[in-house]
Amino acid sequence: MSKEIVAPMPGAIVKLDVKKGQAVAEGETLLFLEAMKMENPIVTPVAGTVSDILVNVGDQVATHQLLAMIE
């Protein structure tokens, strides 16, 4: 079963810390979302493999927008 990682708030993607196909541990940082001049780490709530990354550095995202998928 895959886990959807969504944006908790609107902002801009400033850094990606993982790549598609990479194994991740629960609590590992996937990317950073800049909102209100603060960089917010987006972490995975589950261990698994990054099956898809749906954003790029510089993208503007909306609240609840799908960012990545963990298998």
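## Points about the nonpolar core
- Among the nonpolar cores identified, the biggest contains 15 residues, and Ile13, Leu30, Leu31, Val61 and Leu67 are the most heavily contacted of them.
- Elements represented by at least two residues in this core include exactly strand 4 (29-35) and strand 8 (66-70).
- Apart from the residues lying within four places of it in its own chain, the contact partners of Leu31 are Ile13, Lys15, Leu16, Asp17, Asn40, Pro41, Ile42, Val55 and Leu67.

## A few points about the sheet that holds strand 7 (residues 60-61)
- The strand order across the open sheet built from four strands is 5-4-2-7, with neighbouring strands paired in antiparallel fashion. Bordering the open sheet on either side are strand 5 (38-43) and strand 7, each of which pairs with just one other strand.
- Pairing of strand 2 (residues 11-16) with strand 7, which is carried by two bridges, proceeds in the antiparallel orientation. Bridging across to strand 7, Ala12 finds its partner in Gln60.

## A few points about the pattern of salt bridges
- One pass over the structure, following the stated rule, counts one salt bridge.
- Of the charged contacts in the structure, one is a salt bridge between Asp17 and Lys15, with a shortest N-O distance of 3.6 Å.

## Remarks on the environment of Gly21
- Along the chain, Gly21 falls in the loop between strand 2 and strand 3 (23-24).
- Along the sequence, Gly21 and Gly48 sit 27 residues apart, while their C-alpha atoms lie 9.6 Å from each other.
- If sequence neighbours within four positions are ignored, Gly21 has contacts with Thr49 and Val50.

## What to know about the side chain of Asn40
- Structurally, Asn40 is set in strand 5.
- Exposure remark for Asn40: the relative accessible area of 17% places this residue in the buried category.
- A distance of 3.2 Å separates a polar side-chain atom of Asn40 from the backbone oxygen of Met38.
- For Asn40, the residues in contact, after removing those within four places along its chain, are Met9, Leu31, Phe32, Leu33 and Ala35.

Reading the values: the criteria
- Residues numbered from 1 in each chain as written.
- Predicted model: local features only at pLDDT ≥ 70, side-chain atom pairs only at ≥ 80, totals over all residues.
- Heavy atoms only, no water.
- Core = buried A, V, L, I, M, F, W, Y, C linked by side-chain atoms within 4.5 Å.
- Buried < 20%, exposed > 50% of the residue type's maximum accessible area, 1.4 Å probe, protein only.
- Helix = DSSP H or I, 4+ residues; strand = E, 2+ residues; numbered from the N terminus.
- Contact = heavy atoms within 4.5 Å.
- Pairing = 2+ DSSP bridges.
- Salt bridge = Lys/Arg side-chain N within 4 Å of Asp/Glu carboxyl O.
- Polar contact = N/O pair within 3.5 Å; in protein donor to acceptor, adjacent residues only side chain to side chain.

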